[in-house]
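What follows is the residue order along each chain.
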Amino acid sequence: MSLVSIRDVRKSFGSNEVLKGVSLDIAKGDVVAIIGRSGSGKSTLLRCINGLETYQSGSIVADGIEVAGANTNLRELRRHVGMVFQQFNLFPHLTAAENVMLAPTVVNKVSKAEARATAAEVLAKVGLSEKMDAYPSELSGGQQQRVAIARSLAMRPKVLLCDEITSALDPELVNEVLRVVEQLAREGMTLILVTHEMRFARDVGTKLVFMHHGKVHEEGVPKEVFAAPRTPELQQFVGQVS
Amino acid sequence: MLQFSFWDILSNLLIATQWTIVLSLIAFFCGGIVGLVLLFMRTSRIAPLEWFTKIYIEFFQGTPLLMQLFLFFFGIALFGVEVSPWMAATLALTFWTSAFLTEIWRGCVEAIPKGQWEASSSLALSYIEQMRYVILPQASRIAVAPTVGFSVQVIKGTALASIIGFVELTKAGTMLNNATFRPFLVYSLVALIYFCLCFPLSWWAKKIEGRLNVAR
Ligand SMILES: Nc1ncnc2c1ncn2[C@@H]1O[C@H](COP(=O)(O)OP(=O)(O)O)[C@@H](O)[C@H]1O
Ligand SMILES: [Mg+2]
């Protein structure tokens, strides 16, 4: 059974149809790399999965929870579906540890001490044990993004959605974040990544999805798809970015 | 006839000033509490709550404070409830203050980047939790300066309470003028006292604002 099941999802902003019938099945442990041109609907698809956007037709079921507009139990859904953003979006008035502790204490009602222990564990995992009490403004972009990943991990999500999480980083900081994601993938975390890092998509991904004009234009095993893109659009895209 | 010395006039004005201060404080704190509740409603994205606050704010911002004082003073009396000038002034100033504070604070809430809402949403926080733990701690930093600045308007607004007979600084001035026939002296002193109340606040507001701009 799939952990995330997306069926024929359509989504419009006004008259602009952005998702034109997208279907995807994501199993536990999958590392799905979504690639495609800017504006092809990658972010919108990701945001539909955790209910940041609503869609007009089709269905999305994530970890057994149906994501369907106003009736969705968003709190339950988001406890199990984490998201990391391009712009980090750390809470600037809280330290790294406090950023990580917030959701466990507020949403899951975990004690401060327990949350702090979890924060120490997940921050160690992203290599930031020494930065627990640093404020976001005292951290580099790469460190901030790793705190953002740790913040999601503290909720023990079943799926982690990552929207171009290295795109806002200076090139020399990209790898430290990718290494963390790679380690998560090795540990069996289910990941859905929108990314422009083609090499990473090929080496770490278990599944590649090429989106084009609001549709899944091509999908398959990354190495195979990259080695022999079937559609001219993907051939052109791969040619441009690599 | 009774003779008023300069010091008699001044001490009487200062006694009345206490009531200006008390009324200002009550209006500001009660208005702040009502304003905070309205702020939650105004930014809740729940249509009926938003509409209610919008109309409320339009009414209290869009009509003269004096009319509001009259409405509370004479309006409630229509229902057979005795309203003292003190009560009417407190109610009118509280609601009037809350409308302005809500709008000031809404601006501060909207200045917080959308990403803060999205990140906290994605962590399963509810709207109230987002406001409480993520948005307001950041918004309140930028809200301090305009809020302190607005407190000056509240102090000046209390002067209107004199018209419904509440004896505060302005009313005391009028009464002393009637007794002494020295309008220039009396009202100069009244103005000076208002200035002494308001100037430190506006000066402080400017200072905080300057500090925030540097911090950025
Ligand atoms: N909030 C929005 N309102 C209106 N249009 C939007 C909004 N978000 C995205 N779009 C439009 O949807 C399309 C797909 O956007 P997006 O999903 O962000 O693409 P991608 O992430 O692949 O670059 C674009 O044409 C974009 O302009
Ligand atoms: Mg995008």
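This one's a predicted model, so the numbers in the text were calculated from it and none came from an experiment.

**Quick notes on the interface of chain B and chain A**
For step 1, the next point in the chain: Between chain B and chain A, the residue contacts involve 16 residues of the former and 22 residues of the latter.
For step 2, the next point in the chain: A combined buried area of about 1600 Å² lies between chain B and chain A, and 63% of that area is made up of carbon and sulfur atoms.
For step 3, the next point in the chain: Three residues, Ser-122, Leu-123 and Ala-124 of chain B, lead the burial of chain B against chain A; their summed loss comes to 37% of the area buried on that side.
For step 4, the next point in the chain: At the surface where chain B touches chain A, the tally comes to 2 salt bridges.
For step 5, the next point in the chain: Measuring nitrogen to oxygen at the nearest pair gives 2.8 Å for the salt bridge that ties Glu-129 of chain B to Arg-75 of chain A.
For step 6, the next point in the chain: Across the chain B-chain A interface, the total number found is 7 residue pairs in polar contact (both at pLDDT 80 or more).
For step 7, the next point in the chain: Top element by residues in the side of chain B that touches chain A is helix H5 (residues 114-122) of chain B. It accounts for 7 residues.
For step 8, the next point in the chain: In the side of chain B that touches chain A, the residues fall into 7 nonpolar, 7 polar and 2 charged.

**Some points on the UniProt feature "domain: ABC transmembrane type-1" (unreviewed entry) in chain B**
For step 1, the next point in the chain: Mapped onto this numbering, the UniProt entry annotates "domain: ABC transmembrane type-1" (unreviewed entry) at residues 17-205 of chain B.
For step 2, the next point in the chain: Between the first and last C-alpha atoms of residues 17-205 of chain B the distance is 22 Å; the span itself is 83% helix and 0% strand.

**Side note on the site of ligand 1**
Residue and element names in this part refer to chain A.
For step 1, the next point in the chain: As a structural note, the neighbourhood of ligand 1 is formed by Phe-13, Asn-16, Val-18, Arg-37, Ser-38, Gly-39, Ser-40, Gly-41, Lys-42, Ser-43 and Thr-44.
For step 2, the next point in the chain: Within the side chain of Thr-44, one N or O atom sits 2.4 Å away from an oxygen atom of ligand 1.
For step 3, the next point in the chain: Coverage of ligand 1 by the protein amounts to 59% of the 560 Å² it exposes when considered alone.
For step 4, the next point in the chain: Those elements that provide at least two residues to the shell around ligand 1 are strand S2 (16-26) and helix H1 (42-49).
For step 5, the next point in the chain: The leading source of residues in the shell around ligand 1 is H1, at 3 residues.
For step 6, the next point in the chain: Counted by class, the shell around ligand 1 contains 2 nonpolar, 7 polar and 2 charged residues.

**Section: the pairing of strand S8 (residues 190-194) of chain A**
It is a general feature of regular strands that their side chains alternate between the two faces of the sheet.
All names here are of chain A.
For step 1, the next point in the chain: With 5 of 5 residues buried, S8 lies mostly within the body of the structure.
For step 2, the next point in the chain: The alternating pattern of S8 places Thr-190, Ile-192 and Val-194 on one face and Leu-191 and Leu-193 on the opposite face, and all of these are buried.
For step 3, the next point in the chain: Note: strand S3 (residues 31-36) against S8, 4 bridges, orientation parallel. Looking across to S8, one finds that Ala-33 is bridged to Leu-193.
For step 4, the next point in the chain: In the sheet, strand S7 (residues 159-163) pairs with S8 via 5 bridges, with the strands oriented parallel. Of the residues in S8, the one forming a bridge with Cys-162 is Leu-193.
For step 5, the next point in the chain: Read from S7 through helix H6 (residues 171-186) to S8, the crossover connection turns out right-handed.

What counts and what doesn't
- Residues numbered from 1 in each chain as written.
- Chains lettered and ligands numbered in written order.
- Predicted model: local features only at pLDDT ≥ 70, side-chain atom pairs only at ≥ 80, totals over all residues.
- Heavy atoms only, no water.
- Contact = heavy atoms within 4.5 Å.
- Buried area = accessible area lost by both parts, 1.4 Å probe.
- Salt bridge = Lys/Arg side-chain N within 4 Å of Asp/Glu carboxyl O.
- Polar contact = N/O pair within 3.5 Å; in protein donor to acceptor, adjacent residues only side chain to side chain.
- Helix = DSSP H or I, 4+ residues; strand = E, 2+ residues; numbered from the N terminus.
- Nonpolar A, V, L, I, M, F, W, Y, C, P; charged D, E, K, R; others polar.
- UniProt positions renumbered as here; feature names shortened; annotations may be inferred.
- Near = heavy atom within 4 Å.
- Areas by Shrake-Rupley, 256 points an atom, 1.4 Å probe, with all protein chains shown as cover.
- Buried < 20%, exposed > 50% of the residue type's maximum accessible area, 1.4 Å probe, protein only.
- Pairing = 2+ DSSP bridges.
- Right-handed = clockwise from strand over helix to strand, strands pointing away.

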